[in-house]
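# Observations on the model geometry
Next come the chains, spelled out residue by residue.
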Amino acid sequence: MSTILITLLLAQIGASTHTTPVVQFDRPIISVTGKGIAVSSAVATDYRLVLFSEVYAEQESEARESADLIKREISKTVRALGASEGNVMFTNVNVHEPIESDPYYRIEQDIEVALDNIQNIHRIRQAFQTLEGVEIGSLTPVISGTSSYGPAIENARRDAIKNAKEEAQALAREMNVVLGEPIYVAEDIQYPTFTGYEAPVETEVVVLVTIFFEMIYKK
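Residues numbered from 1 in each chain as written. Predicted model: local features only at pLDDT ≥ 70, side-chain atom pairs only at ≥ 80, totals over all residues. Heavy atoms only, no water.

## Section: the pattern of salt bridges
Under the counting rule described, the total for this entry stands at six salt bridges. In this structure, the salt-bridge partner of Arg-106 is Glu-54, at a minimum N-O distance of 3.5 Å. Of the two residues, Arg-106 is situated in strand 5 (residues 105-115) and Glu-54 in strand 3 (residues 46-57); the sequence distance between them amounts to 52 residues. For Arg-106, a relative accessible area of 21% corresponds to the partly exposed category. Beyond isolated ion pairs, a larger network of salt bridges with shared partners links Glu-54, Asp-102 and Arg-106. (Salt bridge = Lys/Arg side-chain N within 4 Å of Asp/Glu carboxyl O. Helix = DSSP H or I, 4+ residues; strand = E, 2+ residues; numbered from the N terminus. Buried < 20%, exposed > 50% of the residue type's maximum accessible area, 1.4 Å probe, protein only.)

## Section: the nonpolar core
Leu-51, Ile-74, Val-113 and Phe-128 are the most contacted members of the largest nonpolar core, which has 25 residues in total. Among the elements of the structure, strand 3, helix 1 (60-80), strand 5, helix 2 (121-129) and strand 6 (134-142) are those that each provide at least two residues to this core. In contact with Leu-51, not counting residues within four places along its chain, are Ile-74, Gln-109, Asp-110, Ile-111, Val-113, Phe-128, Val-134, Glu-135, Ile-136 and Gly-137. One finds Val-32, Ile-153, Ala-164 and Leu-171 within the second-largest nonpolar core, a separate group that totals 19 residues. (Core = buried A, V, L, I, M, F, W, Y, C linked by side-chain atoms within 4.5 Å. Contact = heavy atoms within 4.5 Å.)

## What to know about the environment of Glu-54
According to the relative accessible area criterion, Glu-54 is partly exposed, its value standing at 33%. Sequence separation between Glu-54 and Val-93 is 39 residues; the distance between their C-alpha atoms is 9.7 Å. The contact partners of Glu-54, leaving out residues within four places of it in the chain, are Arg-106, Ile-107, Glu-108 and Gly-133.

## Focus: the packing of helix 1 against helix 2
Packing of helix 1 against helix 2 brings their axes to within 10 Å, and their N-to-C directions diverge by 155 degrees. When the axis of helix 1 is compared with that of helix 2, the two are roughly antiparallel. Crossing handedness for the pair helix 1 and helix 2: right-handed. Within the contact between the two elements, helix 1 uses Ile-74, Thr-77, Val-78 and Ala-80 and helix 2 uses Arg-123, Ala-127 and Phe-128. Its residues assigned to classes, the contact of helix 1 with helix 2 comprises five nonpolar, one polar and one charged. (Axes fitted to C-alpha atoms, helices over the stretch in contact; angles between N-to-C directions. Parallel < 35°, antiparallel > 145°, perpendicular 65-115°, else oblique. Left-handed = near helix turned anticlockwise from the far one by under 90°. Nonpolar A, V, L, I, M, F, W, Y, C, P; charged D, E, K, R; others polar.)

## Focus: the pairing of strand 2 (residues 29-40)
Summarising burial for strand 2: ten of the twelve residues are buried, a large majority. Sheet topology places strand 2 next to strand 8 (residues 203-217); twelve bridges connect them, and they run antiparallel. Considered in strand 8, the bridge of Ile-29 is made with Glu-214. (Pairing = 2+ DSSP bridges.)

## A closer look at helix 2
Every buried residue of helix 2 is listed here: Ile-121, Ile-124 and Phe-128. All buried residues of helix 2 lie within an arc of 55 degrees about the axis, which places them on one face of the element. (Arc of directions from axis to C-beta.)

Honestly, it's all geometry; don't read function into it.
Written as structure tokens, this is what we have:
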């Protein structure tokens with residue numbers, strides 16, 4: 001078996017976390033990674049809202065009554081916004097008994113709300129911001145992957161493959177070798193992530209395509 005010679009060229013990767021896969025071959029190869037970027041007009045209408053609530057009282061019964069009141073107010077707000085109570089899920093409840101440095105019963109609640117077909121996210125945010133004893137932990141847009149981003153992925157993939165081929169050909173010329181057939185192809189799709197309240201109208205989809213070409217020495 002001949003010695004494996006792998007020449008790596010990370011084409012236009014920038015700050016991406018993508019890494020070239022470790023694959024063993026019994027022939028010399030040239031490995032390149034091409035990058036393609038395409039703009040997608042996918043717009044979020046579904047959101048996941050995470051709320052946090054904390055109440056306290058000298059008596060446990062009073063604290064629980066306050067916690068239940070907040071639950072009812074959240075459910076009432078959700079119904080007023082046109083959603084169902086079934087979209088509200090209380091994911092975590094912690095009860096802290098009084099201690100020497102804190103003489104109150106404290107009840108903490110984490111609440112997750114699924115909001116679908118939202119046209120005005122600012123109205124949603126304002127509705128929950130006015131609830132006493134409730135804080136917004138996060139409000140994250142939800143966009144399905146392949147269904148919404150399909151056209152952008154195709155465009156980015158096309159550019160990534162084109163860039164990879166051009167880089168491989170340039171590298172082969174510089175090394176005075178002949179570029180053979182592709183013997184391995186891998187793809188990495190990087191979907192947009194959202195951290196704000198509102199998804200932007202246009203987002204970028206990044207596709208990285210890694211291709212291993214056989215490297216043929218000139219006679």
